[in-house]
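Residues per chain are reported as follows:
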Amino acid sequence: MSARDFITDAQNTWCPGCGNFVIQFALRDAIRSAIEGGLDPDSIVLVTGIGCHAKMADYLNINSFYSIHGRTVPVATAIKMADPDLQVICCAGDGDAYAEGLDHLVFAAKRNSDITVIVHNNRVYGLTTGQYTPTSPSGFRGRSTPGGTKEEPFNPLEIMLASGATFVARGCTRKRKELEGVIREGIMHRGFSFIDVLQVCASYFNQTDVYDRAVYSLEGHDAADFDAACRKAREWDYNSDSPIAIGTFFRVIRPTLEERLGVPRKKEGTTEETIARILGERK
Ligand SMILES: Cc1ncc(C[n+]2csc(CCOP(=O)(O)OP(=O)(O)O)c2C)c(N)n1
Ligand code: SF4
Ligand SMILES: [Mg+2]
């Protein structure tokens, strides 16, 4: 399949300058390299929530399931459980995954369900026109908080590390190449992979200047060191002007939920093994 074949003919209604385009192209390229290396395109399933991010299901030409706001992760978990040979990828919103669906995210991490969750974290409810979310900074002025929110944001990386996620990463739509890298790694990872993507919302929370100034790539960080991952995750609290690290914070291999339950695979040479072979050595 050529790059063009991955983009559907559906009319695109994302705003000009929206970071969702960058996530779309990064995800497309990560998937394309896997398919070119031998992965069966029919084994990939994309699950989305409801929100601007969810239109990915319309715009990427792969198997997809438009689910319910806040229920992206349990739908993906169920699909993986029904057929562990499938490669299940979630595109969730920050409202979707961190507000209404937070309990599902925490328990999928705790269980180490073998799915990849990409959170389009624009730190705002985009589709419903600009209400604050759990990662909006304190004082954020939006449709539901004209006087500025009086809450502090929470840090999703810390929550995921504390919940048992076996792959924890952060990307940013201002750094497309690096974003593609963590998505590829997340797809390759056997176990629950979580990628928080700082996404520019051009209309309701345009953080382009902040991200261009503050974002840097992790270097010399040992992703096998849980304590180091926690320290790095705490460097930025989703509120302040501190430097913002992107890259893989934590990675460990543990038995997955599906393996522990003994859910049988149907195919010889599992999808994950194929992907590991294609994308590089599995750690
Ligand atoms: C069960 C349910 N709850 C709430 C809504 C209303 N709703 C639709 S989209 C949305 C916010 C989307 O925000 P986010 O998940 O951050 O996605 P974005 O639009 O920013 O990509 C809400 C609250 C809904 N459609 N269904
Ligand atoms: S409202 Fe924000 S997230 Fe939604 S399409 Fe427009 S720029 Fe993108
Ligand atoms: Mg959002």
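See the structure above.
Residues numbered from 1 in each chain as written. Chains lettered and ligands numbered in written order. Predicted model: local features only at pLDDT ≥ 70, side-chain atom pairs only at ≥ 80, totals over all residues.

Asker: Looking at this model, I keep getting lost on the environment of D196. Mind explaining?
Answerer: Looking at the secondary structure, you find D196 in strand 6 (residues 193-198). It is 9.8 Å that separates the C-alpha atoms of D196 and A92, two residues lying 104 residues apart in sequence. When sequence neighbours within four positions are dropped, the list of residues in contact with D196 reads V119, N121, P156, L157 and R170. (Helix = DSSP H or I, 4+ residues; strand = E, 2+ residues; numbered from the N terminus. Contact = placed C-beta atoms within 7 Å.)

Asker: Please clarify how the site of ligand 1 should be interpreted in this entry.
Answerer: Close to ligand 1 lie 21 residues, the nearest being G51, G93, G95, D96 and G126. With four residues, the top contributor of residues to the shell around ligand 1 is helix 4 (residues 94-100). Grouping the constituent residues of the shell around ligand 1 by class yields six nonpolar, twelve polar and three charged. (Near = placed C-beta within 6 Å. Nonpolar A, V, L, I, M, F, W, Y, C, P; charged D, E, K, R; others polar.)

Asker: Whenever I open this one, the site of ligand 2 confuses me. Can you help?
Answerer: The immediate surroundings of ligand 2 are formed by W14, C15, C18, N20, C52, N122, G126, C201, A202, S203 and Y204. Partitioning the shell around ligand 2 into residue classes produces seven nonpolar, four polar and no charged.

Asker: What is the right way to read the pairing of strand 3 (residues 87-93) from this model?
Answerer: On a regular strand, one side chain projects to one face of the sheet and the next to the other, so that they alternate. Counting buried positions along strand 3 yields seven of seven residues, so the element is predominantly enclosed. Here strand 3 shows a buried face lined by Q87, I89, C91 and G93 and a second buried face lined by V88, C90 and A92. Alignment of strand 1 (residues 44-48) against strand 3, held across five bridges, turns out to be parallel. Paired with V45 across the bridge in strand 3 is V88. Relative to strand 4 (residues 116-121), strand 3 runs parallel, the two sharing five bridges. Residue pairing in the sheet places A92 in a bridge with V119 of strand 4. (Buried ≥ 20, exposed ≤ 12 C-beta atoms within 10 Å, placed from the backbone. Pairing = 2+ DSSP bridges.)

Asker: Honestly, the sheet that holds strand 8 (residues 244-251) in this entry has me stumped. Any pointers?
Answerer: Pairing between the strands of a sheet comes from backbone hydrogen bonds, and it takes one of two forms, parallel or antiparallel. The strand order 2-1-3-4-6-5-8-7 describes an open sheet built from eight strands, whose pairing is mixed. The sheet is open, and its two borders are formed by strand 2 (63-66) and strand 7 (215-217), each paired with just one other strand. Across the sheet, the mean angle from the axis of one strand to that of its neighbour is 20 degrees, orientation sign disregarded. Set on the sheet, helix 6 (residues 156-163) makes contact with strand 4, strand 5 (167-172), strand 6 and strand 8; between it and strand 5 the angle comes to about 165 degrees. (Axes fitted to C-alpha atoms, helices over the stretch in contact; angles between N-to-C directions.)

Asker: So what exactly am I meant to see when it comes to the environment of F140 here?
Answerer: Mapped onto the elements of the fold, F140 is located in the loop between strand 4 and helix 6. Accessibility expressed as a C-beta count within 10 Å gives 22 for F140, which makes it buried. Those residues in contact with F140 that lie beyond four places of it in its chain are Y132, T145, G148 and T149.

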